[in-house]
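This is what each chain is made of:
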Amino acid sequence: MKNRLHPLRLWLANHGKTLKEFAVENGISQSYLSEVITQSKRPSLDFIDRIKEATQGAITTNDF
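Residues numbered from 1 in each chain as written. Predicted model: local features only at pLDDT ≥ 70, side-chain atom pairs only at ≥ 80, totals over all residues. Heavy atoms only, no water.

(A) Broad picture of unusual backbone geometry. Positive phi, normally seen in glycine, also occurs at Gln-39, with a value near 65°. Judged by its relative accessible area of 30%, Gln-39 falls in the partly exposed class. One non-glycine residue with positive phi stands out, namely Gln-56, at about 55°. One can find Gln-56 in the segment after α4 (45-54). Overall, the relative accessible area of 76% leaves Gln-56 in the exposed class. (Buried < 20%, exposed > 50% of the residue type's maximum accessible area, 1.4 Å probe, protein only. Helix = DSSP H or I, 4+ residues; strand = E, 2+ residues; numbered from the N terminus.)

Structure representation (structure tokens):
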């Protein structure tokens, strides 16, 4: 997935949300969210579940 926009970044753009807005709305650390999107860190299963719920299933485990 390197050299390609992460599906969550595309989802955010399509929904007119910034990384910061999404993080605050979903009780997620903005820095952790950024690290996961840039693949600096692997997300926890809890994190993935929260993202799936927040995006109503648009972003799935396979996107990470």
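That shown, we press on.
(B) Up close: the packing of aromatic side chains. A full pass over the atoms with the stated rule returns three aromatic pairs. Residues Phe-47 and Phe-64 carry aromatic rings whose centres are separated by 6.0 Å and whose planes lie at 80° to one another, so their mutual orientation is edge-to-face. On the criterion of sequence distance, the pair formed by Phe-47 in helix α4 and Phe-64 in the segment after α4 is long-range, its members being 17 residues apart. Taking the relative accessible area as the measure of exposure, Phe-47 reaches 4% and is therefore buried. The class for Phe-64 is partly exposed, based on a relative accessible area of 25%. Feature note: the residues Tyr-32, Phe-47 and Phe-64 constitute an aromatic cluster, connected by ring pairs. (Phe/Tyr/Trp six-rings, centres within 6.5 Å; stacked < 30°, edge-to-face > 60°.)

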